[in-house]
Amino acid sequence: MADKPVKMTVNKAKIAIIQGDITRQATDAIVNAANSSLMGGGGVDGAIHRAGGPAILEECKQIVARQGRLPTGRAVITTGGNLPSRHVIHTVGPVWHGGNKGEEELLESAYRESLKVAAKNNLTSVSFPSVSTGAFGYPVELAATTAINTVLAFLRRKETSLREVVFVLFDSRTYETYAKALKEVTV
Ligand code: AR6
């Protein structure tokens, strides 16, 4: 099951769900589940900075010097450094506080703003990790539904440069949860 990609087409774009390491993805951009400091961290953030090298952090520092910390739900783009993807889109998902602190809207915003940045830069393909469901504690089932619905709504609303959106899930439980969520919207 885990090696069979789950796919769906919307407008001219394809959505795919795969299990793997996002730092190995060769889409135009990969999305980083960062924090507001943009100074790196653990989880997927740490993996991206390790694999991409110092050029990414350099650009993050310049962004923070220019515009301050990145608010939750927003996104910025940098080089991909040594990664196979040319760019990294850094977004900040919400910390889970039980669900009554605007978490869902903030998670929607993180995905939507990342897609907007990708489209604005004329990118054709972008990969997402499961934003907020690691250190930030967002329940995976809820996050998967919100992530997929937000991407679908964005792609349905208007045609953009985007032709491929890939969710790259690290562990099998997260992969299965996203695959189920995509299959549920298909029917
Ligand atoms: N490829 C794909 N997914 C990955 C990878 C990878 N190489 N490594 C981890 N994941 P997290 P968050 C998955 O904690 O919850 C950082 O310290 C992981 O298994 O990376 O948004 C930041 O600096 C999980 O499913 O991000 C922030 O401070 C998912 O990525 C904070 O953590 C997200 O887990 C952000 O927390």
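Residues numbered from 1 in each chain as written. Predicted model: local features only at pLDDT ≥ 70, side-chain atom pairs only at ≥ 80, totals over all residues. Heavy atoms only, no water.

> Is there a simple way to explain the site of the ligand in this structure?
Neighbouring residues of the ligand: 23 residues in total, closest Gly42, Val44, Asp45, Gly134 and Ala135. Within the contact set of the ligand, an oxygen atom lies 2.8 Å away from a backbone nitrogen or oxygen of Val44. Asp45 is positioned such that a nitrogen or oxygen atom in its side chain is 2.7 Å from an oxygen atom of the ligand. Isolated, the ligand exposes 700 Å² of accessible area, and the fraction of that covered by the protein chains is 88%. For the shell around the ligand, the element with the most residues is helix α1 (residues 43-52), which contributes four residues. Along the lines of polarity and charge, the residues of the shell around the ligand split into ten nonpolar, ten polar and three charged. (Near = heavy atom within 4 Å. Polar contact = N/O pair within 3.5 Å; in protein donor to acceptor, adjacent residues only side chain to side chain. Areas by Shrake-Rupley, 256 points an atom, 1.4 Å probe, with all protein chains shown as cover. Helix = DSSP H or I, 4+ residues; strand = E, 2+ residues; numbered from the N terminus. Nonpolar A, V, L, I, M, F, W, Y, C, P; charged D, E, K, R; others polar.)

> When you look at the packing of aromatic side chains in this model, what are you seeing that I'm missing?
For any pair of aromatic rings, the description rests on two quantities: the centre-to-centre distance and the angle between the ring planes. One pass over the structure, following the stated rule, counts five aromatic pairs. Here Tyr111 and Phe128 contribute two aromatic rings whose centre-to-centre distance is 4.8 Å and whose plane-to-plane angle is 45°, an arrangement assigned as tilted. With a gap of 17 residues between them, Tyr111 in helix α3 (residues 103-120) and Phe128 in strand β6 (residues 125-128) connect regions that are remote in the sequence. Neither Tyr111 nor Phe128 differs from the other in exposure class; each is buried. Grouped by ring-pair contacts, the aromatic residues Tyr111, Phe128, Phe167 and Tyr178 constitute a single cluster. (Phe/Tyr/Trp six-rings, centres within 6.5 Å; stacked < 30°, edge-to-face > 60°. Buried < 20%, exposed > 50% of the residue type's maximum accessible area, 1.4 Å probe, protein only.)

> Could you clarify how one ought to interpret the side chain of Asp28 in this entry?
As for its placement among the helices and strands, Asp28 is situated in the loop between β2 (13-19) and β3 (29-33). One buried charge, Asp28, has no salt-bridge partner; the nearest side chain with opposite charge is Arg86, at 4.4 Å. Looking at Asp28, its side chain comes within polar contact range of the main-chain nitrogen of Thr124, at 2.7 Å. Excluding anything up to four places from it in sequence, Asp28 contacts Ser85, Arg86, His87, Leu123, Thr124 and Ser125. (Lys, Arg positive; Asp, Glu negative; His and termini not counted. Salt bridge = Lys/Arg side-chain N within 4 Å of Asp/Glu carboxyl O. Contact = heavy atoms within 4.5 Å.)

> Help me understand the environment of Asn121, please; the structure alone is not making it clear to me.
Mapped onto the elements, Asn121 comes out in the loop between α3 and β6. Sequence separation of Asn121 and Ser161 is 40 residues, and the distance between their C-alpha atoms is 8.7 Å.

> Can you walk me through the sheet that holds strand β7 (residues 164-169) in this structure?
Each strand in a sheet pairs with its neighbour through backbone hydrogen bonds, running either in the same direction (parallel) or in the opposite one (antiparallel). Read from one edge of the open sheet, seven strands run β1-β2-β7-β6-β3-β5-β4, paired in mixed fashion. Two strands bound the open sheet, and with one partner strand each, they are β1 (6-10) and β4 (75-79). Across the sheet, the mean angle separating the axes of adjacent strands is 20° when strand polarity is ignored. For β3 and strand β5 (residues 87-91), the ladder comprises five bridges, and the chain directions are parallel. Its bridge partner being in β5, Asn32 is matched across the sheet by His90. In the packing of helix α2 (residues 54-67) onto the sheet, the strands contacted are β4 and β5, and the crossing angle to β4 comes to about 140°. (Pairing = 2+ DSSP bridges. Axes fitted to C-alpha atoms, helices over the stretch in contact; angles between N-to-C directions.)

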